[in-house]
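# Structural description and commentary
Single-letter residue listing:
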Amino acid sequence: MRRRADLVPRFTRAERWAHRATAALMGVCLATAACLYLAPLAQLVGNRPLVVTVHVWCGLALPVPLLLGLTTRALRADFSRLSRFTPADRQWLRALRARAAHRPAGKFNAGQKLYAQWTLGSMLVILGTGLLMWLTHLAPPAWRTGATFVHDWLAAAIAVVVAGHVRMAWRDGESRLGMRTGLVERSWAEREHPQWRPEGEEPAPVRSGAGEAAD
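Cut-offs applied
Residues numbered from 1 in each chain as written. Predicted model: local features only at pLDDT ≥ 70, side-chain atom pairs only at ≥ 80, totals over all residues. Heavy atoms only, no water. Helix = DSSP H or I, 4+ residues; strand = E, 2+ residues; numbered from the N terminus. Buried < 20%, exposed > 50% of the residue type's maximum accessible area, 1.4 Å probe, protein only. Phe/Tyr/Trp six-rings, centres within 6.5 Å; stacked < 30°, edge-to-face > 60°. Contact = heavy atoms within 4.5 Å. Disulfide = S-S within 2.5 Å. Salt bridge = Lys/Arg side-chain N within 4 Å of Asp/Glu carboxyl O. Core = buried A, V, L, I, M, F, W, Y, C linked by side-chain atoms within 4.5 Å. pLDDT = per-residue confidence, 0-100. Expected span 1.5 Å × (residues − 1).

### Let's talk about the overall build of the chain
Across its full length, the chain holds ten helices and two strands. Counting from the amino terminus, the chain carries its helices and strands in the arrangement β-α-α-α-α-α-α-α-α-α-β-α. Principal-axis analysis of the C-alpha atoms gives the chain an extent of 55 × 40 × 35 Å. Here the chain holds 215 residues, and 33% of them are scored as buried.

### Comments concerning the packing of aromatic side chains
Summed over the entire model, instances satisfying the criterion amount to three aromatic pairs. An angle of 75° between the planes, with centres 5.9 Å apart, marks the rings of W57 and W134 as edge-to-face. Taken together, the residues span a long stretch of sequence, with W57 in helix α3 (residues 48-61) and W134 in helix α7 (residues 110-134) at a distance of 77 residues. Owing to a relative accessible area of 53%, W57 belongs among the exposed residues under this scheme.

### A word on the side chain of T22
Considering the arrangement of structural elements, one finds T22 in helix α1 (residues 13-37). For T22, the contacting residues outside a window of four places in its chain are L62, P65 and L66.

### Quick look at unusual backbone geometry
The phi torsion at N47 lies on the positive side, around 50°, for a residue other than glycine. Checked against the element boundaries, N47 lands in the loop between α2 (39-45) and α3. Despite not being glycine, R99 shows a phi value in the positive range, around 55°. Here R99 shows up in the loop between α6 (87-98) and α7.

### Re the state of the cysteines
Per the stated rule, a full pass over the model turns up zero disulfides. Looking at C29, it has no disulfide partner, and the nearest cysteine sulfur is the one in C58, 5.3 Å off. Its sulfur unpaired, C35 is 12 Å from the next cysteine sulfur, which belongs to C29. Judged by relative accessible area, C35 falls into the buried class, the value being 17%.

### Some thoughts on the pattern of salt bridges
All told, the structure shown has four salt bridges when counted by the stated rule. Put simply, K113 and D89 hold a salt bridge, and the shortest N to O gap is 2.7 Å. Of this pair, K113 sits in helix α7 while D89 sits in helix α6, placing them 24 residues apart in sequence. For the pair formed by K113 and D89, the shared burial category is buried. Three or more residues are tied together by salt bridges with common partners; here these are D78, R81 and K107.

### Observations regarding the nonpolar core
L25, M26, C29, C58, L62, M123, I126, L154, A155 and I158 together form the largest nonpolar core, which totals ten residues. For this core, the elements supplying multiple residues, two or more each, are α1, α7 and α8 (141-171). When sequence neighbours within four positions are dropped, the list of residues in contact with I126 reads H151, L154, A155 and I158. By size, the runner-up hydrophobic cluster in this structure holds five residues, among which are V8, V184, A189 and W196.

### Some details on the confidence of the model for the chain
Mean pLDDT over the chain: 88, with 90% of residues reaching 70 or higher. The element-level mean pLDDT for the chain is lowest in α2, coming to 84, with helix α4 (residues 64-69) highest at 96.

### With respect to α8
Compared with an ideal rise of 1.5 Å per residue, which puts 31 residues at 45 Å, α8 spans 45 Å between its outermost C-alpha atoms and is within 8% of the ideal. Those residues of α8 that fall on the buried side of the exposure criterion are A147, H151, L154, A155 and I158. On its buried side, α8 packs onto α1, α3 and α7.

Here you go:
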């Protein structure tokens with residue numbers, strides 16, 4: 001059994017709920033998209049109008065958890081961390097390619113930042129193209145055709161990236177614990193995110209050659 005003293009806070013309740021709600025909405029969007037475009041699933045589920053309605057409204061709701069979460073200081077701070085790339089992040093990527101043991105990282109490593117930036121960008125594009133497909137009076141037919149092409153192929157790319165994200169999370173039980181309970185083992189934090197310390201603790205010193213301190 002883990003001792004409380006061995007655990008450190010990583011995510012607040014608001015951050016965890018924003019993540020869960022976004023994941024749930026994204027999952028429903030991908031599942032309903034599969035039912036709309038894959039004939040065997042379409043035949044199995046049936047009731048295409050209902051599937052379309054669920055898909056559209058979950059898509060429209062997709063940015064809502066993040067927007068609500070941004071009313072909290074903790075999520076705004078993490079949003080700022082995830083949107084900034086530092087020299088330490090570039091060193092993390094070089095270390096990953098070289099399979100080096102030491103990979104400098106703050107609260108989020110470079111891979112997590114890239115995933116977060118990809119997710120936000122793809123959400124905006126998928127929402128914009130979806131609106132053009134749904135509200136047919138917003139654009140001429142040529143635009144709607146292009147929007148449909150981008151929407152469909154981006155959705156396929158999102159499914160692949162999300163599957164990779166789930167696979168990596170499945171392999172890292174401590175990371176899942178942090179998102180489930182908000183707490184992680186101090187030893188895991190010091191190993192995987194050596195330049196991060198929970199709020200109120202002094203940040204760890206940056207090793208020589210690591211460049212700018214990670215956040």
